[in-house]
Amino acid sequence: MAMFRNLTVLMILIFAVGCGSSRPVVRTTQTVSYTPKVDPRKTKKATTTTTPKPTGVGKVTPNTNSKPKDNSDNLPASNQNTEVLEATTAVKVTTAMVLAYIDTYKEIAKNDMKEHGVPASITLGQGILESGAGTGPLSVQANNHFGIKCHKEWTGPSVSYDDDAVGECFRKYPHPHESFKDHSLFLVTRERYASLFKLELDDYIGWSQGLKAAGYATDPAYSTKLITLIEKYQLYRYDAEVLGKPIPQINPYKEALAVNSTSSSASKSNGNLHVVEKGDTLFSIARKYGVTVDDLKRRNNLIDTAISIGQTLFIN
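Since we're looking at a predicted model, the values are computed, not measured.

Some points on the overall build of the protein
Inference 1: Within the protein, the regular secondary structure consists of 12 helices and seven strands.
Inference 2: The buried share of the protein, reckoned over its 316 residues, is 38%.
Inference 3: Pairs at least 24 residues apart make up 57% of the contacts formed inside the protein by residues separated by at least 6 positions.
Inference 4: By element, 55% of the accessible surface of the protein is carried by carbon and sulfur atoms, the whole surface being about 19300 Å².

Some points on the packing of helix α6 (residues 204-213) against helix α7 (residues 222-232)
For any two helices packed against each other, one specifies the crossing angle of their axes together with the interaxial distance.
Inference 1: The contact between α6 and α7 brings their axes to 8 Å, and the two run at 150°. By the criterion of interaxial angle, the relationship of α6 to α7 is roughly antiparallel. Considering the relative orientation of α6 and α7, their crossing is right-handed. Side by side, α6 and α7 meet where Tyr204, Ile205, Ser208, Gln209, Leu211 and Lys212 of the first sit next to Tyr222, Ser223, Leu226, Ile227, Ile230 and Glu231 of the second.
Inference 2: Its residues assigned to classes, the contact of α6 with α7 shows seven nonpolar, three polar and two charged.

Quick look at the nonpolar core
Inference 1: By size, the foremost hydrophobic cluster in this structure holds 41 residues, and its most contacted members are Ile102, Ile122, Tyr193, Leu211, Tyr216 and Leu235.
Inference 2: Elements with a contribution of two residues or more to this core: β3 (90-94), α2 (95-116), α3 (120-131), α5 (176-188), α6, α7 and α8 (236-243).
Inference 3: By residue number, the principal contributor to this core is α2, which donates nine residues.
Inference 4: Counting nine residues, the second-largest nonpolar core is a separate cluster that includes Val276, Ala286, Leu313 and Ile315.

With respect to the side chain of Asp112
Inference 1: Secondary-structure assignment places Asp112 in helix α2.
Inference 2: The charged side chain of Asp112 is buried without a salt bridge, its nearest counter-charge being Lys181 at 8.0 Å.
Inference 3: Asp112 has contacts with Gly117, Val118, Phe180, Lys181 and Ser184, leaving out every residue within four places of it along the chain.

A few points about the environment of Phe197
Inference 1: Mapped onto the elements, Phe197 comes out in the loop between α5 and α6.
Inference 2: The exposure class of Phe197 is partly exposed, given its relative accessible area of 30%.
Inference 3: When the C-alpha atoms of Phe197 and His116 are compared, they prove to be 9.7 Å apart, with 81 residues separating the residues in sequence.
Inference 4: Apart from the residues lying within four places of it in its own chain, the contact partners of Phe197 are His116, Gly117, Val118, Leu187, Val188 and Trp207.

Procedures and definitions
- Residues numbered from 1 in each chain as written.
- Predicted model: local features only at pLDDT ≥ 70, side-chain atom pairs only at ≥ 80, totals over all residues.
- Heavy atoms only, no water.
- Helix = DSSP H or I, 4+ residues; strand = E, 2+ residues; numbered from the N terminus.
- Buried < 20%, exposed > 50% of the residue type's maximum accessible area, 1.4 Å probe, protein only.
- Contact = heavy atoms within 4.5 Å.
- Areas by Shrake-Rupley, 256 points an atom, 1.4 Å probe, with all protein chains shown as cover.
- Axes fitted to C-alpha atoms, helices over the stretch in contact; angles between N-to-C directions.
- Parallel < 35°, antiparallel > 145°, perpendicular 65-115°, else oblique.
- Left-handed = near helix turned anticlockwise from the far one by under 90°.
- Nonpolar A, V, L, I, M, F, W, Y, C, P; charged D, E, K, R; others polar.
- Core = buried A, V, L, I, M, F, W, Y, C linked by side-chain atoms within 4.5 Å.
- Lys, Arg positive; Asp, Glu negative; His and termini not counted.
- Salt bridge = Lys/Arg side-chain N within 4 Å of Asp/Glu carboxyl O.

Read these as geometric descriptors, not functional statements.
Next comes the structure, spelled out in structure tokens:
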């Protein structure tokens with residue numbers, strides 16, 4: 001009986017140990033994709049910008065961010081003066097900007113003179129005036145340097161611009177060179193400008209007055225503005241280069257034009273005028289009359305200090 005009791009106790013102990021033993025446990029982890037909920041009130045919708053196809057017609061607005069290259073820091077003080085050019089638009093430019101414009105397009109103007117018979121001085125002068133030396137909105141956004149409107153025969157691209165009336169149609173060109181070429185063809189192919197081509201090619205005064213009389217611009221002072229630009233920047237020199245003539249010495253002041261350049265004594269007695277003689281330099285003339293070289297250059301619209309014998313200079 002005791003043996004049976006001991007055997008029973010032993011079996012109970014073995015069972016207890018077996019129940020307390022640890023079994024290996026295998027855990028399986030399931031990956032769950034979680035998408036957080038988003039409050040639609042705090043979600044910004046994506047903005048899609050649709051660019052319409054070009055139709056060839058646009059609206060020109062003044063461009064205040066695009067400025068031409070200005071080298072005025074590298075030029076004398078007389079070349080840093082500013083002026084307002086007003087034709088199809090009113091813009092303020094420096095002399096340096098105008099000179100840069102001339103340098104860029106002078107060869108094109110001379111070539112057009114050879115091919116179509118429009119004086120280079122007229123082409124450059126109108127380009128400076130109409131485009132504001134390339135800074136006006138029509139020239140910047142439409143490469144239109146001469147303010148040429150569409151007219152009924154134009155089938156190319158165009159822009160809308162407020163000029164004599166609201167929203168007028170102006171021609172648009174892929175490159176400024178095309179604008180220069182079209183300007184010459186515009187004059188050549190219109191009967192109202194036919195009388196201009198009977199004038200001498202270096203008669204920029206006759207051409208300027210003829211353009212105004214033929215109705216190129218409505219500005220009553222158009223011819224005066226054009227002549228002033230041509231003389232101030234000596235654009236007539238490019239006509240002379242094409243024609244193979246000496247560059248004329250032209251003083252834009254009426255007082256100087258009225259003086260007989262062959263009478264140096266009469267000129268010098270005036271005190272306001274000086275006729276250049278052999279040995280004269282701009283520096284010696286300035287010192288003689290108590291003015292500066294820059295004053296003489298500015299008053300006589302000289303680009304540099306070059307002067308020639310017989311040239312009449314305005315002193316005061």
